[in-house]
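Structure assessment
Chain residues, written in single-letter form:
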Amino acid sequence: AGEAAQDAVARCGEAWWARENAPFVAPRCLPYLLVRALSSGGGASDIRRVGAADAMLSVVDLDDDTAAPLRGLLAQTATSAKFLRAAPGRDFVARLLARGGDVAADAHAAVKKALPAWPAARCRSAGDCYRRAWLVADAAGSRDTVEDELLQDLARSLLFCRDAKLHDKLSSLLSAALHDKRDDPKLAGCVERVYAPLLWRHLKYPLPEARRRAYAVLGACFPVSDAAAPTKKKKTKTQAAARGAAIEAQLELLR
């Protein structure tokens, strides 16, 4: 009975917010909705309720110390298997990451901490959240924060990581976030801005493993064939020359 009463009160608050955007509703409803969705009994409908309440975050000062417990709950959504599996959950996490500030930093830190224990599928789901976050931020004119503070941090971790298993997890995440979408005109510039400050230095790094990873990223993220070249088969030497010229052209862009 107590749980049913709590849920009834929360639904009244959600309806009040939907009708009047009453600011005092947000700090009372949001924690309840998040705890309910993150609990073992939380389901798809609870995740949708959290997504629908996303606008409530706009009236909460998430960078204030008093909001630390709420930020902790929000960060948990970025690592929750339930949120990462469901499209509405990934949309919510994406908007969270796109907000910037402490709430995005806490969610990003939670992802990095949980990443080593994740299966590849969850890594890719998290990567999809970062991709969506960039699209949200780009539409709002604030893409620099996502690129500089989130995506470039992950790219740096990928290049410097010494643990082979963690490297594979980071690669899966970034493949879903950037590498697999390199042909998307919207994301093409993002890929270059994220990797350009890092990649050129690593291509000339004295350690062979660092150079190998840098070239692997170059091959995964950037075109290695001349788009203007004819599609008919050429002699091997001609193909190699075209491939080399394309790589050199890309390296010039990264200088």
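Parameters at a glance
Residues numbered from 1 in each chain as written. Predicted model: local features only at pLDDT ≥ 70, side-chain atom pairs only at ≥ 80, totals over all residues. Heavy atoms only, no water. Patch = residues over 30% accessible without salt bridge, like charges linked within 9 Å, V, L, I, M, F, W, Y side chains within 5 Å. Areas by Shrake-Rupley, 256 points an atom, 1.4 Å probe, with all protein chains shown as cover. Salt bridge = Lys/Arg side-chain N within 4 Å of Asp/Glu carboxyl O. Lys, Arg positive; Asp, Glu negative; His and termini not counted. Charge placed at Lys NZ, Arg CZ, Asp CG, Glu CD. Helix = DSSP H or I, 4+ residues; strand = E, 2+ residues; numbered from the N terminus. Buried < 20%, exposed > 50% of the residue type's maximum accessible area, 1.4 Å probe, protein only. Expected span 1.5 Å × (residues − 1). Arc of directions from axis to C-beta. Contact = heavy atoms within 4.5 Å. Polar contact = N/O pair within 3.5 Å; in protein donor to acceptor, adjacent residues only side chain to side chain.

Moving on, we get to a negative patch on the surface. Together, Asp 61, Asp 63, Asp 64, Asp 65 and Asp 102 line one region of the surface with negative charge. Here Asp 64 lies in the loop between helix H3 (44-52) and helix H4 (68-77).

Inspection of the entire model under this criterion finds 18 salt bridges. Note that Glu 14 and Arg 49 form a salt bridge whose closest N and O atoms lie 2.5 Å from each other. Remark: Arg 49 occurs in helix H3 and Glu 14 occurs in helix H1 (residues 2-20); sequence separation between them is 35 residues. Residue class for Arg 49 comes out buried when judged on its relative accessible area of 9%. Of the charged contacts in the structure, one is a salt bridge between Asp 128 and Arg 132, with a shortest N-O distance of 2.7 Å. Taken together, the positions of Asp 128 and Arg 132, both in helix H8 (residues 120-140) and four residues apart, correspond to about one turn of that helix.

This part covers helix H7 (residues 101-114). With 14 residues, H7 extends 20 Å from end C-alpha to end C-alpha; this agrees with the ideal 20 Å at 1.5 Å per step. Every buried residue belonging to H7 is among Val 103, Ala 104, Ala 107, His 108 and Val 111, and all of these are buried. Relative to the axis of H7, the buried residues are bounded by an arc of 130° and lie together on one face. Residues of H7 that are buried make contact with H4, helix H6 (87-98), H8, helix H9 (143-160) and helix H10 (164-177).

Take the side chain of Asp 153 next. For Asp 153, the position within the fold is in helix H9. Given a relative accessible area of 18%, Asp 153 falls into the buried group. Within the structure, the side chain of Asp 153 is placed 2.7 Å from the side chain of His 108, a separation counted as a polar contact. A distance of 2.9 Å separates polar atoms of two side chains, one belonging to Asp 153 and the other to Lys 112. Residues contacting Asp 153, with those up to four places away along its chain left out, are His 108, Lys 112 and Asp 148.

A word on H6. Taking 1.5 Å of rise per residue, the 12 residues of H6 would be expected to cover 16 Å, and the 16 Å separating its terminal C-alpha atoms lies within 8% of that figure. Those residues of H6 that fall on the buried side of the exposure criterion are Gly 89, Arg 90, Phe 92, Val 93, Ala 94, Leu 96, Leu 97 and Ala 98. Following H6 by one or two positions, Gly 100 has its phi on the positive side, about 75°.

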